[in-house]
Amino acid sequence: KQEVTQIPAALSVPEGENLVLNCSFTDSAIYNLQWFRQDPGKGLTSLLLIQSSQREQTSGRLNASLDKSSGRSTLYIAASQPGDSATYLCAVRPAGTASKLTFGTGTRLQVTL
Amino acid sequence: DVKVTQSSRYLVKRTGEKVFLECVQDMDHENMFWYRQDPGLGLRLIYFSYDVKMKEKGDIPEGYSVSREKKERFSLILESASTNQTSMYLCASWAGGSGNTIYFGEGSWLTVV
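From a predicted model like this one, the values you see are computed outputs, not experimental measurements.

**Considerations on the state of the cysteines**
All names here are of chain A.
- Taken as a whole, this structure holds two disulfides over all chains when the rule is applied.
- One disulfide in the model links Cys23 with Cys90; its S-S distance is 1.9 Å. Taking the torsion about the sulfur-sulfur bond, which here is approximately 75 degrees, the covalent link between Cys23 and Cys90 counts as right-handed. One end of the pair, Cys23, is in strand S3 (residues 19-25); the other, Cys90, is in strand S9 (residues 86-94), and 67 residues separate them in sequence.
- Overall, Cys90 belongs to the buried group, its relative accessible area being 0%.

Have a look at this one:
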């Protein structure tokens, strides 16, 4: 059974720092991996999607990498801002069960002034 | 932009009541999902549907049922609400394909008293 782990569970950084969020998964047979952002009390917003054949994706100050063989993904946030404060979740779509995403429990990020 | 609309954001229901949570998407997606999100447990899949009138159980279907009579609408039904179903419920929609992202609604907070 696929398991997804995110470390750390919570992180506080001063504004302007570059930071890395980690996601690991136990089964490397995946269809794709997605990173999401969730603001308190709200739904999830997709940030980046990496297909199994890709190594990384970039969007603005965000860069996500994927290493399937080691079961790891990282989300890099450059020049963090207070508006980046949110919970970040990663999710994998296992190969062969294309409809089902398995989520990590998230990293709660606070960017302080 | 894809929009997934959950009609009820906050509900308070009594134990034993029948509860309907409605979800509508506007992008003609084949696949729709219901998740619940609880602190420390992350998102867990309740049911999903890959076509009109088609449904499959997710990881925690007990105590829930679903209905998909039209492509754009996916309803979650709690036949007899219990306090352990107090949670945040998230609906999602997906076109399919490894390069397509999944889109979430804003969530429905259900409290069962």
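**Section: the sheet that holds strand S8 (residues 72-77) of chain A**
Residues and elements named next belong to chain A.
- Spatial ordering of the open sheet is given by S1-S3-S8-S7-S6, a layout of five strands whose pairing is antiparallel. Each of the sheet's edge strands pairs with one partner strand only, and the pair in question is strand S1 (4-7) and strand S6 (56-59). Strand-to-strand, the axes of this sheet are offset by a mean angle of 15 degrees, without reference to chain direction.
- Pairing analysis gives four bridges linking S1 to S3, with the strands arranged antiparallel.

**A word on the interface of chain B and chain A**
- Of the residues lining the interface, 25 residues belong to chain B; the matching set on chain A comes to 20 residues.
- Counting across the chain B and chain A interface gives zero salt bridges.
- In this assembly, chain B and chain A are joined by five residue pairs in polar contact (both at pLDDT 80 or more).
- Residue assignment for the side of chain B that touches chain A shows that the elements contributing at least two residues are strand S4 (31-38), strand S5 (42-51), strand S9 (87-94) and strand S10 (102-104) of chain B.
- Here the side of chain B that touches chain A is composed, by residue class, of 12 nonpolar, 10 polar and three charged.

Thresholds applied
Residues numbered from 1 in each chain as written. Chains lettered and ligands numbered in written order. Predicted model: local features only at pLDDT ≥ 70, side-chain atom pairs only at ≥ 80, totals over all residues. Heavy atoms only, no water. Disulfide = S-S within 2.5 Å. Helix = DSSP H or I, 4+ residues; strand = E, 2+ residues; numbered from the N terminus. Buried < 20%, exposed > 50% of the residue type's maximum accessible area, 1.4 Å probe, protein only. Pairing = 2+ DSSP bridges. Axes fitted to C-alpha atoms, helices over the stretch in contact; angles between N-to-C directions. Contact = heavy atoms within 4.5 Å. Salt bridge = Lys/Arg side-chain N within 4 Å of Asp/Glu carboxyl O. Polar contact = N/O pair within 3.5 Å; in protein donor to acceptor, adjacent residues only side chain to side chain. Nonpolar A, V, L, I, M, F, W, Y, C, P; charged D, E, K, R; others polar.

As far as function goes, none of this settles anything; it's purely spatial.
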